[in-house]
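# Understanding the architecture of this molecule
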Amino acid sequence: MADYQLIIIGAGLSGLAAGIRAARFGLKVLIVEQHWQPGGLNSFYFRQGHLLETGLHAMTNYAPPEEKRAPLNRLFRQLRLSRRSFRTHEQICSEIVFPDRTLRFSNDPDLLTEDISREFPGAADGFRRLLDMVRDYDPFAPAPWRSARRFLDGVLPDGRLADMLLLPLMVYGNSEEEDMDLGQFVIMFRALFLEGLFRPAETIKEFLDMLVDHYTAFGGEIRFRAGVKRILRRGDRVDGVVLHNGERITAGSVLSTAGIPATADLADWDIDRSAYRGKMSFMETIYLLPLRRGASIRNDRTIIFFNHGEHFAYRCPGEALETSWGVICFPGNFKGLPGTDPFQVRVTNAANYEVWKAAAPGEYEMMKERWRERSADQVGKIIGNFRQDVVYVDSFTPMTIERFTAKAGGAVYGSPVKLKDGRTHCANLFIAGTDQGYLGIVGAMLSGVTIINRHLLRQE
Amino acid sequence: MTRNEIKNVILEIIEDIDEEADFDSLEADKPLRDQLDLDSMDFLDIVMELRKRYKLQIPEEEYPELSTLNSCVNYLEPKLKDF
Ligand SMILES: Cc1cc2nc3c(=O)[nH]c(=O)nc-3n(C[C@H](O)[C@H](O)[C@H](O)COP(=O)(O)OP(=O)(O)OC[C@H]3O[C@@H](n4cnc5c(N)ncnc54)[C@H](O)[C@@H]3O)c2cc1C
């Protein structure tokens, strides 16, 4: 008899959701996490008495509890969590800012439609057709890769509108450079523009605590500081894992959320690693500003997606950081959230992993500072100069992401090629999370649920 | 279990799965899925819950037997007679 029916590698959102789903139906399951706390890409840390979230701008896929078919509510049912007791705050209003043009969107899709008819009067019909397509398309049916850009060129007369729509969808959930699979485009379009953005009333810490408690209440076990060194493989089956401390734990099946390249290393999986190494990584900077300075900057939006260039190119920059486009997030600007002092402004820019990796240890901190200044200059053009007021600042880079989550190359959205069925070279080794195909917090959790349903609950 | 008990078990399972479930206008001869707006993932949960509670193995080709409340009771009655 194996020690467990299932071992899950990683206590990120996909691993926790998978764990809950498996434990709920009585599987004997163990989650092993290398870090001392859960969350993975979406975790938290404390600095100067402030709890800072590592990866939460907003959750996508907003839906009120009575919309049963909405992904968020299906997710809660699948995990047997009460959606009614999950208190949320919807975004106030977000904005896509390009030179000379601005589109606003909120959780009411009509706002975006209105702004498009104002800014791109010739595109109103095309956009309506796009909406119909997005509503009817089945992004989950197996289909070959299709270019979202080419599709948009076909329906929208103005390439700039396509760029403006793609910026938020890509930066919040595209692992490929330049273009995006049409199915992924539809998933992200619905998640952001039709369903919308919100955040939990509490921090990601309470959300993670809730998931871990729920999991252990179903009998699931979890171990932190338990990094997996190797997956035990015998032919086309796996037997369990070996931890960094040498301990062997056996299992009937193993589910890895560490990403395809890392899983390949752990399980002698002979695949072309380079094809599965994502290039899109980011630097995230958190600024704390005193509340009294709130009035001196533009501070009425939830999230601003900006691009200063004529065109928008979603790709890994040649230099350490891409400052001409990015995301500015005001985590305090959700409906009904009490203001905090100081308040936060977060900035995300695309970053080049190789350049950050090549930095000498003494150089790394200076590099951060230098690039942060350049980034702040560009952000200042949108929200006004805020640098003199910053009371605390911290940035994390592709190196930080790689160190804390083991995502190869700090690729936040993982591999550009997804393994949608979650299968690997071994019949009882599966992958879930970012590299299975769903992205973001809600997406990663749905991924964990889907893989457990498909491979662990239906079998026997 | 009596037919009535089985019916209550099914409703209890659904209530557990879906806090929004509203049984007031539920018709026992009409498909549960349409009336309660459940999807195939929820449906799997009914099967899984029956397996967990009563060690019942319901093969996938027999899932249609569970489509209405009445058909559930008919299908489960012989299987749950010793509980
Ligand atoms: C800066 C930033 C901002 C983001 N903002 C948002 C946002 O606003 N909204 C949103 O929806 N999403 C956001 N995301 C994306 C979201 O965080 C991820 O899509 C999601 O958390 C991915 O979850 P996962 O479980 O697939 O992967 P991960 O979180 O990477 O989980 C994998 C886990 O496995 C562990 N692990 C890896 N290797 C091993 C090993 N060998 N042994 C043991 N454990 C191991 C890791 O430590 C990690 O905990 C953001 C991400 C970042 C980095």
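In case you missed it, the structure is sitting above this.
Residues numbered from 1 in each chain as written. Chains lettered and ligands numbered in written order. Predicted model: local features only at pLDDT ≥ 70, side-chain atom pairs only at ≥ 80, totals over all residues. Heavy atoms only, no water.

### Description of the overall build of chain A
- Looking only at helices and strands, chain A has 13 helices and 18 strands in total.
- Rg of the C-alpha trace for chain A: 22 Å, near the compact-globule value of 23 Å for 460 residues, within the 12% margin.
- When its C-alpha atoms are laid out on the principal axes, chain A stretches across 65 × 50 × 45 Å.
- Residues classed as buried in chain A amount to 62% of the 460 residues present.
- Once local pairs closer than 6 in sequence are excluded, the contacts in chain A between residues at least 24 apart make up 72%.
- Carbon and sulfur atoms form 49% of the exposed surface of chain A, whose accessible area is close to 18,100 Å². (Helix = DSSP H or I, 4+ residues; strand = E, 2+ residues; numbered from the N terminus. Rg over C-alpha atoms; globule rule 2.2 N^0.38 Å. Buried < 20%, exposed > 50% of the residue type's maximum accessible area, 1.4 Å probe, protein only. Contact = heavy atoms within 4.5 Å. Areas by Shrake-Rupley, 256 points an atom, 1.4 Å probe, with all protein chains shown as cover.)

### Thoughts on the nonpolar core
All names here are of chain A.
- The biggest cluster of nonpolar side chains holds 75 residues, and the ones touching the most others in it are Leu255 and Met445.
- In terms of residue count, the dominant contributor to this core is helix 13 (residues 440–457) (10 residues).
- Each residue touching Leu255, except ones within four places of it in the same chain, is listed here: Leu6, Ile7, Ile8, Ile9, Ala18, Phe430, Ile431, Ala432, Ile451 and Ile452. (Core = buried A, V, L, I, M, F, W, Y, C linked by side-chain atoms within 4.5 Å.)

### So, the packing of helix 2 (residues 71–79) of chain A against helix 3 (residues 40–54) of chain B
- It is at 10 Å that the axes of helix 2 of chain A and helix 3 of chain B come closest, and there the two elements cross at 10 degrees. Taken together, the axis directions place helix 2 of chain A and helix 3 of chain B in an arrangement best described as roughly parallel. Contacts between helix 2 of chain A and helix 3 of chain B pair Arg74, Arg77 and Gln78 of chain A from the former with Met41, Asp42 and Asp45 of chain B from the latter.
- Here the contact of helix 2 of chain A with helix 3 of chain B is composed, by residue class, of 1 nonpolar, 1 polar and 4 charged. (Axes fitted to C-alpha atoms, helices over the stretch in contact; angles between N-to-C directions. Parallel < 35°, antiparallel > 145°, perpendicular 65-115°, else oblique. Nonpolar A, V, L, I, M, F, W, Y, C, P; charged D, E, K, R; others polar.)

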